[in-house]
Amino acid sequence: MTHIRDMLESHPRSSTVDRDALAECVQACFDCAQACTTCADACLGEEKVAHLISCIRLNQDCFDVCVSTGNILSRQTETNSQVRRAQLQACVEACRACAEECEKHAKEMEMEHCRVCAEACRRCEDACTRMLGPVAA
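Counting restarts for each chain: residues are numbered from 1 in the order of the written sequence. Selection of residues for local features in this predicted model requires a pLDDT of at least 70, selection of side-chain atom pairs for listing and counting requires 80 or more, and totals for whole chains, interfaces and linings are taken over all residues. The basis for the side-chain values is all heavy atoms of the structure; hydrogens and waters are excluded.

Colleague: What's the story with the pattern of salt bridges in this structure? I'm lost.
Modeller: When the charged atoms of two side chains lie near each other, side chains of opposite charge can form a pair. Salt bridges are counted wherever a side-chain nitrogen of Lys or Arg sits within 4 Å of a carboxyl oxygen of Asp or Glu. Applying the stated criterion across every chain, the model contains ten salt bridges. We note a salt bridge from Glu103 to Arg122, for which the minimum N-O separation is 3.0 Å. Here the residue Glu103 occupies a position in helix α4 (residues 81-108), and Arg122 occupies one in helix α5 (residues 112-136), the gap between them amounting to 19 residues. Remark: exposure states derive from per-residue accessible area (1.4 Å probe, protein chains only) relative to the maximum for the residue type, with buried under 20%, exposed over 50%, and partly exposed in between. Given a relative accessible area of 34%, Glu103 falls into the partly exposed group. Given a relative accessible area of 25%, Arg122 falls into the partly exposed group. The shortest N-O distance in the salt bridge between Arg115 and Glu119 comes to 2.3 Å. Of the two residues, Arg115 and Glu119 are both situated in helix α5; the distance of four residues between them amounts to about one turn of the helix. When salt bridges that share partners are traced, they join Glu93, Arg96 and Glu100 into one network. Here a strand is any run of E in DSSP of at least two residues, a helix any run of H or I of at least four, and the numbering for each starts at the N terminus.

In structure tokens, the structure reads:
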């Protein structure tokens, strides 16, 4: 996370948002994206893939939303607060849905990759939810 924070601090147009919270959120988005792509791949390696279609699809959707959110939050020049807020809200929803699905598989099928992914999704959901306050200001 040092590079993210360093880049935000060195940006000539730094925002009024708490840089530490912003850096944490950006990192959570990219970590979640990585966890989701790995979880989807692990689901494809399971014996009963047909039971995991919803999980794989939510992993893919969450990956896309998290990458977009991390990218949008990283941009500091001429930030549009409405777009940023909408993206954060979309990320909260995608992470929540993916975490719920992965938690189900982690509990019922004892899939460790789903447990790890759910944790990453919840962390990102929390970080984006915290960012929604400052973005609205």
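Further notes follow.
Colleague: Any chance you could explain the environment of Leu58 here in plain terms?
Modeller: Tracing the chain through its elements places Leu58 in helix α3 (residues 53-74). Placed 52 residues apart in sequence, Leu58 and Glu110 show a C-alpha to C-alpha distance of 18 Å. Contacts: residue pairs with any heavy atoms within 4.5 Å of one another. Apart from the residues within four sequence positions on either side, Leu58 is in contact with Ala97, Cys98 and Glu101.

Colleague: Quick question: what am I supposed to make of the side chain of Arg84 here?
Modeller: With respect to the helices, strands and loops of the structure, Arg84 is situated in helix α4. At 11 Å, Asp18 is the nearest oppositely charged side chain to Arg84, a buried residue that forms no salt bridge. The definition of a polar contact used here is a pair of N or O atoms within 3.5 Å, where within protein one atom must be able to donate a hydrogen and the other to accept one, and adjacent residues in sequence count solely through side-chain atom pairs. In terms of polar contacts, Arg84 uses its side chain to reach the backbone carbonyl oxygen of Arg75, at 3.2 Å. This count recognises Lys and Arg as positive and Asp and Glu as negative, with His and chain-terminal groups excluded.

Colleague: Mind showing me how you'd approach the nonpolar core here?
Modeller: Among the nonpolar cores identified, the biggest contains 43 residues, and Cys62, Cys66, Cys121 and Cys124 are the most heavily contacted of them. Here the element with the most residues in this core is helix α2 (residues 19-45); it accounts for 13 residues. The residues touching Cys124, leaving out its near neighbours within four places in the chain, are Ala28, Cys29, Cys32, Cys66, Cys91 and Cys95. The nonpolar core is taken to be a set of buried Ala, Val, Leu, Ile, Met, Phe, Trp, Tyr and Cys residues, with the residues joined through side-chain atoms within 4.5 Å.

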